Amino acid sequence: MTDTQTLIENRPPSVATLFLERVAATPDLAAYRYPVPSASGHGPDDWRTLSWSEAARRVYAMAAGLIELGVRPEERVALASATRVEWILADLGVLCCGAATTTVYPSTNAEETAYILADSGSRVLIAENAEQLAKARERRADLPELAHVVVIDEADARPEDGDPADWVLSLAELERRGAAYLEKNPECVKERVHDLRADQLATLIYTSGTTGRPKGVRLPHDCWAYMARAIQATDMLLPDDVQYLWLPLAHVFGKVLTAGQIALGHEIAVDGRVDKIVENLPVVRPTYMAAVPRVFEKVYNGVAARAREGGAAKYKIFQWAAEVAREYGKVSQENFRRTGNRSVPFALAARHKVADALVYSKIREAFGGRLRAAISGSAALAPEIGYFFSGAGINILEGYGLTETSAASFVNPGEAYRTGTVGKPLPGTEVRIAEDSEILLRGPGIMQGYHGLPEKTAEVLEPDGWFHTGDIGELSPDGYLKITDRKKDLIKTSGGKYIAPAEVETRFKAACPYVSNVLVHGANRNFCTALIAFDEPTIMAWAKEHGLEGMSYAEVAASAQATELIEGYVVRVNEGLQRWQQIRKFRLLPRDLDIEHGEITPSLKVKRPVVERTFKDLLDEMYAGTREA
């Protein structure tokens, strides 16, 4: 048996067990860094550190506090908060008291929050602030099982007339009560952890879904223990790494990163404020971070926009450097695949050295100067963006997984990564490509099923453990997986041709730096069209340069100049597509797609049916006069 097999097969029953082991092994090492706003409210945040032993004191107090409130093993405790250190500590507190965490995005509206709380049967809600408390209070009549709301921000933990006694308390109060309970019952938390079973429910994550009501995905303790050990076995992360974590922890991608960190013991800097990413990177100086493709697209577009603002000469240098980076990335990866060496021809190496001094070094510095690797997941990364960063010295390792597979089923293997693929399966995960090219997965990371929905579970989970992902893909002879599209998203035109819209959309976003979201439409139509939304900062900067200063976003999008701009990119992208894939018509949207209108999920995936309903008039307009209109 190999060391990897030993590591995975001898895994403990839970991440709670791993946490206790981690605290015992490295009590004084840094576990978490987190920002505290400066006392004046101005200037940079003050970053503080929690050691593993300090984190454990808070986790044990929260776990004991939940026990004191009467929470029993496998009962659900919901967590509605943005990404912050208290989210991680509270989640560990829930797991260490034997209960299961129900994750709720803080952007979820009151109606859907109430649905999740009711469907999960959550007994306690840990709410970030007054806004999250208000959602539960508004729907309290529909939540008879919800016995307590614990508010993280102490100033917002205010009971109101009509609240049941002890219904609202602060997280600090929960910890105080837990500490007092521990004094009388010092072994209560360790006993709960000791009694955990691998098949016991640990987490209910409700899929934000692109259609219909969210489904609760049941992930037992063994899923997270397996993920922690599998991540450890890949050797992607090191004990002295510093990870910057801003992803939503209600999403499985963010959650799995916390499991891997506990196994390895490295430090995490936690701050979910997306508007602080650029400011935080030089402060945190991470060696490792994870993100979704939209972040890398925005970084690339931002660098391009700044170069344009610097004048024609500076922009020309950037364009040249971008082409050199892409060529360097492709050639070095191909040489590594063939020979195990990333060497490139002398002439390309010389051009790359000049471009590095002029452009790439500044990009690396913007990421903090120490970034060894970045993981990209949740959606496809445009290969042209991936090759650019590869050539610029920032290795983006694409990965793949679903909520139903505990997030990390595939990941690119370190230096052997291949842009355009999601890498190889994690140790212990099996993959099979079905006759219709659907990706099937089996292994310890697969969910138990959908909560209370046995029929839905049977649709995707076979009795022998194979899970139908709903994604279409292909495997290389040496085991690298390439995702081509979602099975349900494939478009069949009225001419009988199948089109993967994500492929066309990804190409367009890679070609056009002004675009935020693109939706290609064409099911049962005789040609493809596109709805296109701009990236607001980028297009408004362009508008200022082209005599449209003072106009609103919607006015810029409606202008002839903007249409002409995008027309040029459509023509360019179409040149690389088959005739039936080409975008024949497009419309520019008066605003970007957003979570508030229900058009994208909190993990930034486009909800196609919602967008097509919202902008039906624009789609109909493009097909007016055709046979299908």
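Up top you'll find the structure we're talking about.
Residues numbered from 1 in each chain as written. Predicted model: local features only at pLDDT ≥ 70, side-chain atom pairs only at ≥ 80, totals over all residues. Heavy atoms only, no water.

Caption draft 1: Local environment of the packing of aromatic side chains. The full count for this structure, using the stated rule, is 14 aromatic pairs. Taking NZ or CZ as reference, Arg308 lies 5.3 Å from the ring centre of Tyr315, over its face. (Phe/Tyr/Trp six-rings, centres within 6.5 Å; stacked < 30°, edge-to-face > 60°. Lys NZ or Arg CZ within 6 Å of the ring centre and 35° of its normal.)

Caption draft 2: Structural context of unusual backbone geometry. Non-glycine residue Ala407 carries a positive phi angle of around 85 degrees. Relative to the helices and strands, Ala407 resides in the loop between β14 (396-400) and β15 (410-411). (Helix = DSSP H or I, 4+ residues; strand = E, 2+ residues; numbered from the N terminus.)

Caption draft 3: Here's a closer look at the pattern of salt bridges. Evaluated as defined, the whole model comprises 45 salt bridges. Here Arg140 makes a salt bridge to Asp163, at a shortest N to O gap of 2.9 Å. Here the residue Arg140 occupies a position in the loop between α6 (130-138) and β6 (148-151), and Asp163 occupies one in the loop between β6 and β7 (168-170), the gap between them amounting to 23 residues. Judged by its relative accessible area of 25%, Arg140 is partly exposed. Across the pair Lys276 and Glu279 runs a salt bridge whose closest N-O atoms are separated by 3.3 Å. Judged by relative accessible area, which is 16%, Lys276 ranks as buried. Connected through salt bridges with shared partners, the residues Asp45, Asp271, Arg273, Lys276 and Glu279 form a single ionic network. (Salt bridge = Lys/Arg side-chain N within 4 Å of Asp/Glu carboxyl O. Buried < 20%, exposed > 50% of the residue type's maximum accessible area, 1.4 Å probe, protein only.)

Caption draft 4: Geometry of helix α5 (residues 110-120). Residues of α5 that are buried: Ala110, Thr113, Ala114, Ile116, Leu117 and Ser120. Viewed along the axis of α5, the buried residues span an arc of 160 degrees, placing them on a single side of the element. Buried residues along α5 sit against β3 (76-80), β4 (100-104), β5 (124-127), α6 and β8 (201-206). Here α5 starts with a cap whose side-chain oxygen sits 3.3 Å from the backbone nitrogen of Glu111, and that cap is Asn109. (Arc of directions from axis to C-beta. Contact = heavy atoms within 4.5 Å. Polar contact = N/O pair within 3.5 Å; in protein donor to acceptor, adjacent residues only side chain to side chain.)

Caption draft 5: The arrangement of the sheet that holds β14 in detail. Ordered in space as β2-β1-β11-β10-β12-β13-β14-β15-β16, the nine strands form an open sheet in which the pairing is mixed. Two strands bound the open sheet, and with one partner strand each, they are β2 (46-51) and β16 (424-425). Sitting on the sheet, helix α3 (residues 52-68) is in contact with β1 (30-36) and β2, with an inclination near 80 degrees to β2. (Pairing = 2+ DSSP bridges. Axes fitted to C-alpha atoms, helices over the stretch in contact; angles between N-to-C directions.)

Caption draft 6: Quick look at the packing of helix α2 (residues 15-25) against helix α9 (residues 221-234). Between α2 and α9, the shortest axis-to-axis distance is 8 Å and the interhelical angle comes to 50 degrees. Here α9 runs oblique to α2, going by the angle between their axes. For the pair α2 and α9, the contacting residues are Val15, Leu18 and Glu21 in the first and Trp224, Ala225, Ala228 and Arg229 in the second. Across the contact of α2 with α9, the residue classes tally to five nonpolar, no polar and two charged. (Parallel < 35°, antiparallel > 145°, perpendicular 65-115°, else oblique. Nonpolar A, V, L, I, M, F, W, Y, C, P; charged D, E, K, R; others polar.)

Caption draft 7: Structural detail: the side chain of Ser122. Looking at where Ser122 falls in the secondary structure, it is placed in the loop between α5 and β5. Of the residues examined, Ser122 reaches a relative accessible area of 1% and is grouped as buried. A polar contact is formed between the side chain of Ser122 and the side chain of Thr102, at a distance of 3.3 Å. In contact with Ser122, other than residues within four places in its own chain, are Arg76, Ala78, Thr102, Leu117, Glu145 and Leu146.

Caption draft 8: Inspection of the pairing of strand β13 (residues 373-376) at higher detail. Alternating residues of β13 divide into Ala373 and Ile375 and Ala374 and Ser376, and every residue in both groups is buried. With four bridges joining them, strand β12 (residues 288-291) and β13 adopt parallel strand pairing. By the bridge assignment for β13, Met289 is matched with Ala374. The handedness of the β13 to β14 crossover, carried by helix α15 (residues 383-391), is right-handed. (Right-handed = clockwise from strand over helix to strand, strands pointing away.)

Caption draft 9: Looking closely at the sheet that holds strand β20 (residues 467-475). Spatially, four strands are ordered β17-β18-β20-β21 in an open sheet, and the strand pairing comes out antiparallel. Looking at the sheet topology across the chains shown, the edges are occupied by β17 (430-433) and β21 (481-486). Mean inter-strand twist for the sheet, computed between neighbouring axes without regard to direction, equals 50 degrees.

Caption draft 10: Representation of the packing of α3 against helix α4 (residues 85-96) in the model. For the pair α3 and α4, the least separation of the axes is 8 Å and the interaxial angle reads 55 degrees. Classified by the interaxial angle, the pair formed by α3 and α4 is oblique. Seen from above, α3 lies across α4 with right-handed handedness. Residues Ala55, Arg58, Val59, Met62, Ala63 and Leu66 of α3 form the contact with α4, whose own contacting residues are Glu86, Leu89, Ala90, Leu92, Gly93, Val94 and Cys96. Its residues assigned to classes, the contact of α3 with α4 shows 10 nonpolar, one polar and two charged. (Left-handed = near helix turned anticlockwise from the far one by under 90°.)

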